[in-house]
Amino acid sequence: MVRLVLFLMIGVCCQVCVTPPALGSDALTALKQFSDFSTIDITRLLEGEILSQRGSLMNFPNGISSQFCFVAPTSPAETANRLQKWDPTRCTSLKVYVSRRVSNPCEIKEFSNLSLYLNPGHRPIKRFFDQTMATSAGTSELNLTRSEARELAGCVGKDAGPKTLGACWARLLFARASDFQRTGFAGTLPYESGEPPVNPSSQIRSMLQEQVRITREFAPLLKRAGLVSGSAGVSPLRPDYFWSLFEADHHATLNLGAMYELNVGDRHQLLSIEYYVSGTYYASATLYEIWPFSYGGRTGSLIWRGDLFAAPQLRFTKGIERIASGAIMIQEIKKEVRCFQDSLACP
């Protein structure tokens, strides 16, 4: 239930015993077929290292990607379950103020405690206050439709208190979450603050179109989630929904997301989507593939993770700046992965 990003893996120095996935080839071979990793050193993984790979440059100007590989001592089923239920607020270094699961259909009361976390004395929160108070029917620095901007400005008025601000944003999040639960990606509302308008679902689809091997590997999951074409005649997956308030690039940021799971033979695939982000970036998608492994008397899960982010500032970064952005992204995601691994030590 958090902001999400992409991972992949590298090859093996000595023979490894990995339970064969349904494809008929071992996990390492399967992983190398769709990822950017050419080799995986299983010894480094078992020593706790998180392998990373910066994604190739995209033609899509707003997109950036990265890939990771790591292991967990739990089975694939347990690892997938723990990923879906993990609470990132317990790891303070991630700067996630609150993260909550949302029922289907959702209720507005599930967003009503937002005001408890809106402390204007905290600089990132103060920036969020300022952006909200500066929003008018015609202009906003936030990711909103024109109608949302008008309604938010009217709701907040001149009262910049946490209670009013929280209640106004709760109404906006509830409306967006309800729409997504009814219509899925087809009904995702655009961001109309800039020109031209930006649709978060279209941003994710554009990035996936450039990740041909990954999209092929996750095709059943992506189709049943309704994110790519070919979903006609297949039963849709029922995701877990969530919302969060966190710090992104020194700005307090709200999101709405959904996580989908598909069991494919003895491995598990997950897709975590941020279909609404209040600012800083447009949208993200995180994919996981989880295989069972057995090596040197140890068993657990071999995990590939891949992250896709779409952000407006990426359009203006090229060369060294783009490489630097990718390096920062990798470090932040490694921090998140390490926090998740540490959480597995707790029941």
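Residues numbered from 1 in each chain as written. Predicted model: local features only at pLDDT ≥ 70, side-chain atom pairs only at ≥ 80, totals over all residues. Heavy atoms only, no water.

S.K.: Please give an account of the side chain of Glu247 that cites residues and values.
M.R.: Here Glu247 shows up in strand 4 (residues 240-248). A distance of 3.3 Å separates the side chain of Glu247 from the side chain of Tyr97, its partner in a polar contact. (Helix = DSSP H or I, 4+ residues; strand = E, 2+ residues; numbered from the N terminus. Polar contact = N/O pair within 3.5 Å; in protein donor to acceptor, adjacent residues only side chain to side chain.)

S.K.: Summarise helix 1 (residues 27-34); cite the residues concerned and give the values.
M.R.: Inspection of helix 1 places Ala27, Leu28, Ala30, Leu31 and Phe34 among the buried residues, and these make up the whole buried set. Summarising the axial view, the buried residues of helix 1 lie within an arc of 160 degrees, below the 170-degree limit, and thus occupy one face. Residues of helix 1 that are buried in the fold lie against strand 2 (63-72), helix 8 (212-217), strand 7 (283-295) and strand 8 (298-310). (Buried < 20%, exposed > 50% of the residue type's maximum accessible area, 1.4 Å probe, protein only. Arc of directions from axis to C-beta. Contact = heavy atoms within 4.5 Å.)

S.K.: Can you break down the environment of Glu274 residue by residue, with the values?
M.R.: Mapped onto the secondary structure, Glu274 falls in strand 6 (residues 267-277). In this structure the C-alpha to C-alpha distance between Glu274 and Arg305, which are 31 residues apart in sequence, comes to 16 Å. Among the polar contacts made by the side chain of Glu274, one reaches the side chain of Tyr281 at a distance of 2.8 Å.

S.K.: Tell me about the packing of aromatic side chains, and please be specific about residues and values.
M.R.: Inspection of every chain in the model, using the stated rule, returns 14 aromatic pairs. Seen in terms of ring centroids, Phe180 and Tyr275 are 3.8 Å apart; in terms of plane orientation they differ by 5 degrees. Their pairing is stacked. Taken together, the residues span a long stretch of sequence, with Phe180 in helix 6 (residues 162-183) and Tyr275 in strand 6 at a distance of 95 residues. Neither Phe180 nor Tyr275 differs from the other in exposure class; each is buried. Relative to Tyr276, the ring of Tyr191 has its centre 5.9 Å away and its plane inclined at 70 degrees; by these criteria the two rings are edge-to-face. In this pair, Tyr191 sits in the loop between helix 6 and helix 7 (200-209) while Tyr276 sits in strand 6, placing the two residues 85 residues apart along the sequence. For the pair shown, Tyr191 and Tyr276 are each scored as buried. (Phe/Tyr/Trp six-rings, centres within 6.5 Å; stacked < 30°, edge-to-face > 60°.)

S.K.: I'd like a description of unusual backbone geometry, backed by residues and values.
M.R.: The omega torsion of the bond from Asn104 to Pro105 falls at 5 degrees, within 30 degrees of zero and hence cis. In this fold, Pro105 is placed in the loop between strand 3 (96-102) and helix 4 (123-134). We note that Lys95 has phi near 60 degrees; this positive angle belongs to a residue other than glycine. Relative to the helices and strands, Lys95 is located in the loop between helix 3 (76-85) and strand 3.

S.K.: Could you give an account of the pairing of strand 4, naming the residues involved and the relevant values?
M.R.: Of all nine residues making up strand 4, eight are buried, and the element is well covered by its neighbours. Taken together, the six bridges between strand 3 and strand 4 define a ladder with antiparallel strand orientation. From the neighbouring strand, Val98 faces strand 4, where its bridge partner is Leu245. Sheet analysis places strand 4 next to strand 5 (residues 251-264), joined by nine bridges and oriented antiparallel. (Pairing = 2+ DSSP bridges.)

S.K.: Tell me about the confidence of the model for the protein, and please be specific about residues and values.
M.R.: Looking at the protein, the pLDDT average stands at 89 and 92% of residues meet or exceed 70. Note on residues 1-25: pLDDT is under 50 here. Beyond four places in sequence and across chains, it has 140 contacts. (pLDDT = per-residue confidence, 0-100.)

S.K.: Give me the environment of Ile125: which residues, what numbers.
M.R.: The topology assignment puts Ile125 in helix 4. Not counting the four nearest positions on each side in its chain, Ile125 is found in contact with Tyr97, Tyr117, Leu118, Asn119, Pro120, Leu245 and Ala252.

S.K.: Quick one: what's the story with the packing of helix 5 (residues 146-156) against helix 6, residue by residue and with numbers?
M.R.: In contact at an axis separation of 9 Å, helix 5 and helix 6 are set at 155 degrees when each is read in the N-to-C sense. The orientation of helix 5 with respect to helix 6, classified from their angle, is roughly antiparallel. Classified by chirality, the crossing of helix 6 by helix 5 is right-handed. Where helix 5 abuts helix 6, its residues Glu148, Leu152, Cys155 and Val156 lie against Thr164, Leu165, Cys168, Trp169, Arg171, Leu172 and Arg176. (Axes fitted to C-alpha atoms, helices over the stretch in contact; angles between N-to-C directions. Parallel < 35°, antiparallel > 145°, perpendicular 65-115°, else oblique. Left-handed = near helix turned anticlockwise from the far one by under 90°.)

S.K.: Residues and numbers for the state of the cysteines, please.
M.R.: Working definition of a disulfide: a covalent bond connecting the sulfur atoms of two cysteines. Overall, the coordinates contain two disulfides when judged by the stated rule. There is a disulfide in this structure between Cys155 and Cys168, and the S-S distance comes to 2.0 Å. A torsion of -90 degrees about the S-S bond marks the disulfide between Cys155 and Cys168 as left-handed. Linking Cys155 in helix 5 with Cys168 in helix 6, this pair joins segments that are 13 residues apart in sequence. Since its relative accessible area comes to 26%, Cys155 is described here as partly exposed. Shown here for the protein is a disulfide pattern of 1-4, 2-3, where each number marks a bonded cysteine counted in sequence order. (Disulfide = S-S within 2.5 Å.)

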